[in-house]
Amino acid sequence: MPDIVISEFIDAAPVAALREKYDVLSDETLWDKPAELKAALTDAVAIIVRNRTQVTAEVIEAAPRLRAVGRLGVGLDNIDLAACRARNIAVLPATGGNAVSVAEYVLCASMLLLRGTAFFGSQRLANGEWPRAEMSQGQEISGKVLGLIGFGSIGQSTGELARNAGFVTLAYDDFVPADSPAWAQTEHVSLDDLLARSDVVSLHCPLTDDTRGLIGEREINSMKPGAILINTARGGIVSEAAVAAALRSGHLAGAALDVFETEPIDKDSAAAFKGLANVILTPHIAGVTREANIRISAVTVENVLKVLNNNETP
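### Details of unusual backbone geometry
Part 1 of the argument: Note that the residue after Glu263, namely Pro264, is joined by a cis bond; omega there is -5°.
Part 2 of the argument: Tracing the sequence through the fold places Pro264 in the loop between β11 (252–257) and α12 (267–271).
Part 3 of the argument: A positive phi angle is found at Asn88, which is not glycine, with a value near 60°.
Part 4 of the argument: Mapped onto the elements of the fold, Asn88 is located in the loop between α4 (81–86) and β5 (90–93).
Part 5 of the argument: For Asn88, a relative accessible area of 70% translates into the label exposed.
Part 6 of the argument: One non-glycine residue, His284, lies in the positive phi region at around 60°.
Part 7 of the argument: With respect to the secondary-structure elements, His284 resides in the loop between β12 (279–281) and α13 (290–310).

### Overview of the pattern of salt bridges
Part 1 of the argument: Enumeration over the complete set of coordinates arrives at 10 salt bridges.
Part 2 of the argument: A salt bridge links Arg197 to Asp193; the nearest nitrogen and oxygen atoms lie 3.2 Å apart. With a gap of 4 residues between them, Arg197 and Asp193 both fall in helix α9 (residues 191–197), about one helical turn apart.
Part 3 of the argument: Overall, the relative accessible area of 29% leaves Asp193 in the partly exposed class.
Part 4 of the argument: One continuous salt-bridge network, built from bridges that share partners, spans Arg124, Glu129 and Glu134.

### Concerning the sheet that holds strand β4 (residues 68–71)
Part 1 of the argument: Pairing in this open sheet of 5 strands is parallel, and the strands run β2-β1-β3-β4-β5 from one edge to the other. Edge strands, defined here as strands with exactly one partner in the open sheet, are β2 (24–26) and β5. Strand-to-strand twist in this sheet, taken as the mean axis angle between neighbours without regard to direction, amounts to 15°.
Part 2 of the argument: Sheet analysis places strand β3 (residues 46–49) next to β4, joined by 4 bridges and oriented parallel. What sits directly across from Ala46, in β4, is Ala68.

### Regarding the side chain of Asn293
Part 1 of the argument: You can see Asn293 is positioned in helix α13.
Part 2 of the argument: Those residues in contact with Asn293 that sit more than four places away from it in its chain are Phe9, Ile10, Asp11 and Arg50.

### Here we look at the pairing of strand β10 (residues 227–231)
Part 1 of the argument: Counting buried positions over the 5 residues of β10 gives 5, a clear majority of the element.
Part 2 of the argument: A two-sided burial pattern is seen for β10, the buried positions comprising Ala227, Leu229 and Asn231 on one face and Ile228 and Ile230 on the other.
Part 3 of the argument: The pairing of strand β9 (residues 200–203) with β10 spans 4 bridges and is parallel. The residue bridging Val201 from the neighbouring strand is Leu229, located in β10.
Part 4 of the argument: Taken together, β10, helix α11 (residues 240–249) and β11 form a β-α-β motif whose crossover is right-handed.

### Regarding the sheet that holds β12
Part 1 of the argument: One open sheet accounts for 7 strands, arranged β8-β7-β6-β9-β10-β11-β12; its pairing is parallel. The open sheet terminates on both sides in strands that have one partner only, identified here as β8 (186–188) and β12. In this sheet, neighbouring strand axes are inclined to one another by 15° on average, regardless of whether the strands run parallel or antiparallel.
Part 2 of the argument: Of the strand pairs in this sheet, strand β6 (residues 145–149) and strand β7 (residues 168–172) are connected by 5 bridges, and their pairing is parallel. Bridge assignment links Ile149 to a residue of β7, and that residue is Tyr172.
Part 3 of the argument: Here α11 sits on the sheet in contact with β10, β11 and β12, set at roughly 145° to β11.

### Focus: the pairing of β9
Part 1 of the argument: Neither face of β9 is exposed, since Val200 and Ser202 on one face and Val201 and Leu203 on the opposite face are all buried.
Part 2 of the argument: Of the strand pairs in this sheet, β6 and β9 are connected by 4 bridges, and their pairing is parallel. By the bridge assignment for β9, Ile149 is matched with Leu203.

### With respect to the side chain of Glu8
Part 1 of the argument: Mapped onto the elements, Glu8 comes out in the loop between β1 (4–6) and α1 (12–19).
Part 2 of the argument: Here the side chain of Glu8 touches Arg52 through a polar contact of 3.2 Å, landing on its backbone nitrogen.
Part 3 of the argument: Polar contacts involving the side chain of Glu8 include one to the side chain of Thr53, which spans 2.6 Å.
Part 4 of the argument: In contact with Glu8, other than residues within four places in its own chain, are Asp27, Glu28, Trp31, Ile48, Val49, Arg50, Asn51, Arg52 and Thr53.

### Focus on the packing of aromatic side chains
Aromatic rings considered in pairs are described by the distance between their centres and by the relative angle of their planes.
Part 1 of the argument: Scanning all chains against the criterion turns up 1 aromatic pair.
Part 2 of the argument: Against the face of Phe9 rests Arg50, its NZ or CZ located 3.7 Å from the ring centre.

### A look at the environment of Ile237
Part 1 of the argument: Summarising the element assignment, Ile237 is placed in the loop between β10 and α11.
Part 2 of the argument: By relative accessible area, Ile237 is classed as buried at 0%.
Part 3 of the argument: Between the C-alpha atom of Ile237 and that of Trp130, which follows or precedes it by 107 residues, the distance is 40 Å.
Part 4 of the argument: When sequence neighbours within four positions are dropped, the list of residues in contact with Ile237 reads Leu203, Cys205, Pro206, Leu207, Thr211, Gly213, Leu214 and Ile215.

Scoring rules and cut-offs
- Residues numbered from 1 in each chain as written.
- Predicted model: local features only at pLDDT ≥ 70, side-chain atom pairs only at ≥ 80, totals over all residues.
- Heavy atoms only, no water.
- Helix = DSSP H or I, 4+ residues; strand = E, 2+ residues; numbered from the N terminus.
- Buried < 20%, exposed > 50% of the residue type's maximum accessible area, 1.4 Å probe, protein only.
- Salt bridge = Lys/Arg side-chain N within 4 Å of Asp/Glu carboxyl O.
- Pairing = 2+ DSSP bridges.
- Axes fitted to C-alpha atoms, helices over the stretch in contact; angles between N-to-C directions.
- Contact = heavy atoms within 4.5 Å.
- Right-handed = clockwise from strand over helix to strand, strands pointing away.
- Polar contact = N/O pair within 3.5 Å; in protein donor to acceptor, adjacent residues only side chain to side chain.
- Phe/Tyr/Trp six-rings, centres within 6.5 Å; stacked < 30°, edge-to-face > 60°.
- Lys NZ or Arg CZ within 6 Å of the ring centre and 35° of its normal.

Below, the structure written as structure tokens:
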């Protein structure tokens, strides 16, 4: 039986380092085979996952020798943290590993959506149309306000990149100390203030009991008319139905959703966005680039090896 189980995709090079000392089972389909996953963990001392593997109390119970859960990313809502604490199992997120990728996604989506139809009408030109007046109504990002809900490592990286492009940044986060240097160029505001003042609102907070349903119909209606909403955090924080309704009414000028309450997205949720030209939908890949995968894989394997070799938490 393997010492280390990897249940989702990972860069190959760090896995080779693991195999120098440990028996490793790497199968990126295991996340969808809970019975096989539990069977593989019988003798495992570590498991490495992304966001699709559900590391439940039942899964942890099936792994009596488990000492480390390596997370290829930062969100921990798919891991039973209480069960891990009860067993003194180290939970090891790859903090900061995909921050650049997420920040670039947010900036790119902001630029595209602020320009409106400018980048979404290629097929019309291919059909022989010339909608110049209609497609030249976009906005510049210079001087626009970007509101960041969540101001951890990813939110801060997003803010820095956005300011370099011309945005002014606001952020709502009650967990970053008021005297933190992170606030040097970003105004610390309440959620209501952020929603009322921002031209673009971008979410970077974890999914918890406190953040579930954080942005619903009331909050979206309190945003500026013509604002843009971007969610690269977690599904369940934002009401997808409320976003779709606000896009159809014109209250929101655009939205980019990379995460959904049900993943893969179900047909009913997807149907709400059919026919909309002012929305970008992507399958939870904002933080997944070639470079980010290399960084996250290396950091996660390094974290796991520290625990296994030195019995310490990085």
